[in-house]
Amino acid sequence: MAEGNIDVVAIPMLSQGHIIPFMRLCELLSSRNLNVVFVTTPRNAERLRSEQADDSRVRLLEIPMPSVPGLPDGVESTERVPNRLENFFFQAMEEMQPSMREILVRLRPSSVIVDLWPIFLPDLATELNIYIVFFAVIGAYSQSLAYSLFISLPLLHNHGDLPKVVNLPGLPKAISMRDCDLLPPFREAVKGDPDSVKALFTAFRHYDQCNMVLVNTFYEMEAEMVDHLGSTFGKPVWSIGPLVPKNATSSSSGTAENPNSSFSDSECLKWLNSREPESVVYVNFGSQIALSAHQMQEVAAGLEASGQSFLWAVKKPNDPEDMDGASFISSLPVDLQAFIQRYSGAGYRADSRGLVVLGWVPQSQILGHPATGGHVSHCGWNSTLERIGQGVPILAWPFRHDHPCEAKLLVEELGVAEEIRREEKENGVFVVKREEVERAAKLIIKGEKGKEMRRRALQLKEGAERATRQGGSSFKNLDRLALLIRSKSN
Ligand SMILES: O=c1ccn([C@@H]2O[C@H](COP(=O)(O)OP(=O)(O)O[C@H]3O[C@H](CO)[C@@H](O)[C@H](O)[C@H]3O)[C@@H](O)[C@H]2O)c(=O)[nH]1
């Protein structure tokens, strides 16, 4: 590929939840005959290369991960960053600025697709006169709610006097959120000082600086909020999703097939094959959330008491970084160790009612398996889109970031989820009791409400299929996008 001939350069944040939809978008643009370059660090590139189809024409370009004192070598994705090292990680991303500048200057693409981070990227693209497409990898509903909070909180409230239920102005309909579900930067708003949230939430500058916004959703699911974002920012906002991995398998994940997991992908699927249709409660909180030992005890007891089949992917904390699976298990209370033994490792039998997998599981295949009856989920947007693609109902257990907003969309607007009741132990720290896990697991598999949620989930699945096939709303938007980018190249 001639370097002077690049249509678009895509630069996602170093996080799998962002890299995956960015790569899918790049493949779809490349299949529409655009020359696409995908920029990431060596480890992420290595993994993407191993998953890339033989005929993929998306070019992967590596930039070195800057070495920052305090950040261990090889940490190139947020999933591997312990909370206490987050600032070092973001510092490393900031230090990529010279490499990114060098790439943009050398390749001179006509367009760049930017993510929420790094914050300097739109400035750089503006300076180089490159057309800026901002790809927001979360849904339109949660973006709209976050923007409303961003604008209104410092006008209306002080961090000390936040009401228990906060109304969100400026939206197409009346929406409110519990104070405990607000992102920490919003909870710290200072009345009369917009910078009290701006300093912490600079991402919203991207909406001002970009030329257009893409949202990983489909129009029919979030039409009201897609239109709302368009009129709020006064620029095109196009839905192009759901973009989910094409042949999603395990990440890189012990077994030879899946070295990051206590079971191989095929062992997980074999176990699912032994279960009745729509009978299994699948528990997985994405790539970043690790439960406390106490919370794990409640989940374990609730799942057992429910009498339902379950597949639980347990994530060990990132801290300490060098703790292996065996040390993690031996650090747990003895009742949990015994539980894990019963449903995993030595205690596991092919006909066990539950399967506990330490590490990564092949989520999209699990969601697509006929035995899967529901997903206990943090409501990360990628998992949400994957479930919508498979018609699986949800038990919504949000933790942080956009999760509470996505949960609200799923429960209140789309009717495909039941919210798990969380009790606030202390400021922002929640616990879900075993009785609640038991209730929710029974409801989703056996209850009338579970059936109704499944019916709605299947309708959404059909909607998603219509949107992404030829002539559908997302398909047409991708065609329009390819034409637009090509017009910038001429
Ligand atoms: O055992 C596992 C765990 C995860 N996954 C995959 O990993 C991705 C997880 O993505 P997501 O559900 O979005 O969770 P996070 O990685 O936690 O998501 C981050 O990124 C999302 C998109 O920006 C945000 O919505 C979330 O708030 C943020 O936590 C999905 O594709 C899953 O299929 C697996 O395949 N196997």
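Note that this is a predicted model, so its numbers are computed, not measured.

Every regular strand shows the same layout, with side chains that alternate between the two sheet faces. With burial as the criterion, each face of strand β10 (residues 280-283) is covered, one bearing V280 and Y282 and the other bearing V281 and V283. Read as a crossover between parallel neighbours, the route from β10 over helix α12 (residues 293-306) to strand β11 (residues 309-314) is right-handed. With four bridges joining them, β10 and strand β13 (residues 372-377) adopt parallel strand pairing. Across the sheet, V283 pairs through a bridge with V376, a residue of β13.

The next point concerns the domain arrangement of the protein. For the protein, the domain assignment lists domain 1 (3-140 + 201-245 + 470-489) and domain 2 (265-465). Domain 1 and domain 2 are separated by 29 Å when their C-alpha centres are compared. With 22 residues of domain 1 at the interface, the matching set in domain 2 holds 19 residues. Residue assignment for the side of domain 1 that touches domain 2 shows that the elements contributing at least two residues are α1 (16-30) and α10 (219-233). Looking at the side of domain 1 that touches domain 2 residue by residue, the class counts come to twelve nonpolar, six polar and four charged.

The subject of this paragraph is the pairing of strand β12 (residues 354-358). Most of β12 sits out of view: five of its five residues are buried. Sheet topology note: the β11/β12 ladder contains five bridges and is parallel. Residue pairing for β12: A313 is matched across the bridge by V357.

Near the ligand lie 24 residues; those nearest to it are G17, G286, Q363, G380 and S383. Taken together, the elements giving at least two residues each to the shell around the ligand come down to α1, α15 (363-367) and α16 (381-390). A class-by-class count of the residues in the shell around the ligand yields seven nonpolar, 15 polar and two charged. If you count residues domain by domain, the shell around the ligand takes at least three from each of domain 1 (3-140 + 201-245 + 470-489) and domain 2 (265-465).

Here we come to the nonpolar core. Of all hydrophobic cores here, the largest spans 139 residues; its most connected members are V8, V9, A10, V112 and V281. Each of domain 1 (3-140 + 201-245 + 470-489) and domain 2 (265-465) contributes no fewer than three residues to this core. Excluding residues within four positions of it along the chain, V9 makes contact with V37, V39, I103, L104, L107, P109 and V112.

What follows concerns the UniProt feature "domain: Glycosyltransferase N-terminal" (unreviewed entry) in the protein. Per the UniProt record, "domain: Glycosyltransferase N-terminal" (unreviewed entry) is annotated on residues 6-108. Measuring from the first to the last C-alpha atom of residues 6-108 gives 7 Å, for a span that is 44% helix and 13% strand.

Moving on, we get to unusual backbone geometry. A cis amide bond, omega 0 degrees, links G241 with the succeeding residue P242. By the element assignment, P242 lies in the loop between β9 (237-239) and α11 (265-273). Residue R108 is not a glycine yet carries a positive backbone phi of 45 degrees. For R108, the location among the structural elements is in the loop between α4 (97-107) and β4 (111-114). The phi dihedral of E278 is positive, around 50 degrees, even though this residue is not glycine. A tally of 18 C-beta atoms within 10 Å means that E278 is categorised as partly exposed.

Glancing now at the sheet that holds strand β5 (residues 131-136). Consider a sheet: its strands pair through backbone hydrogen bonds, and that pairing is either parallel or antiparallel. If you trace the seven strands from one edge of the open sheet to the other, you get β3-β2-β1-β4-β5-β8-β9, paired in parallel fashion. Strands with a single pairing partner mark the edges of an open sheet, and in this sheet they are β3 (59-62) and β9. Direction aside, neighbouring strands of the sheet carry axes that sit 25 degrees apart on average. In this fold α1 packs onto β1 (8-11), β2 (36-40) and β5, with an angle of close to 165 degrees to the strand it touches most, β2.

Our next topic: the sheet that holds β13. A sheet is described by the order of its strands in space; here six strands give the open sequence β12-β11-β10-β13-β14-β15, paired in parallel fashion. Sheet topology places β12 and β15 (417-419) at the edges, where each strand pairs with a single neighbour. Averaged over neighbouring strand pairs, the angle between their axes works out to 20 degrees when direction is ignored. Set on the sheet, helix α17 (residues 403-413) makes contact with β14 (394-396) and β15; between it and β15 the angle comes to about 115 degrees.

Reading the values: rules and limits
- Residues numbered from 1 in each chain as written.
- Predicted model: local features only at pLDDT ≥ 70, side-chain atom pairs only at ≥ 80, totals over all residues.
- Buried ≥ 20, exposed ≤ 12 C-beta atoms within 10 Å, placed from the backbone.
- Helix = DSSP H or I, 4+ residues; strand = E, 2+ residues; numbered from the N terminus.
- Right-handed = clockwise from strand over helix to strand, strands pointing away.
- Pairing = 2+ DSSP bridges.
- Domains from an automatic or database assignment.
- Contact = placed C-beta atoms within 7 Å.
- Nonpolar A, V, L, I, M, F, W, Y, C, P; charged D, E, K, R; others polar.
- Near = placed C-beta within 6 Å.
- Core = buried A, V, L, I, M, F, W, Y, C linked by C-beta atoms within 7 Å.
- UniProt positions renumbered as here; feature names shortened; annotations may be inferred.
- Axes fitted to C-alpha atoms, helices over the stretch in contact; angles between N-to-C directions.

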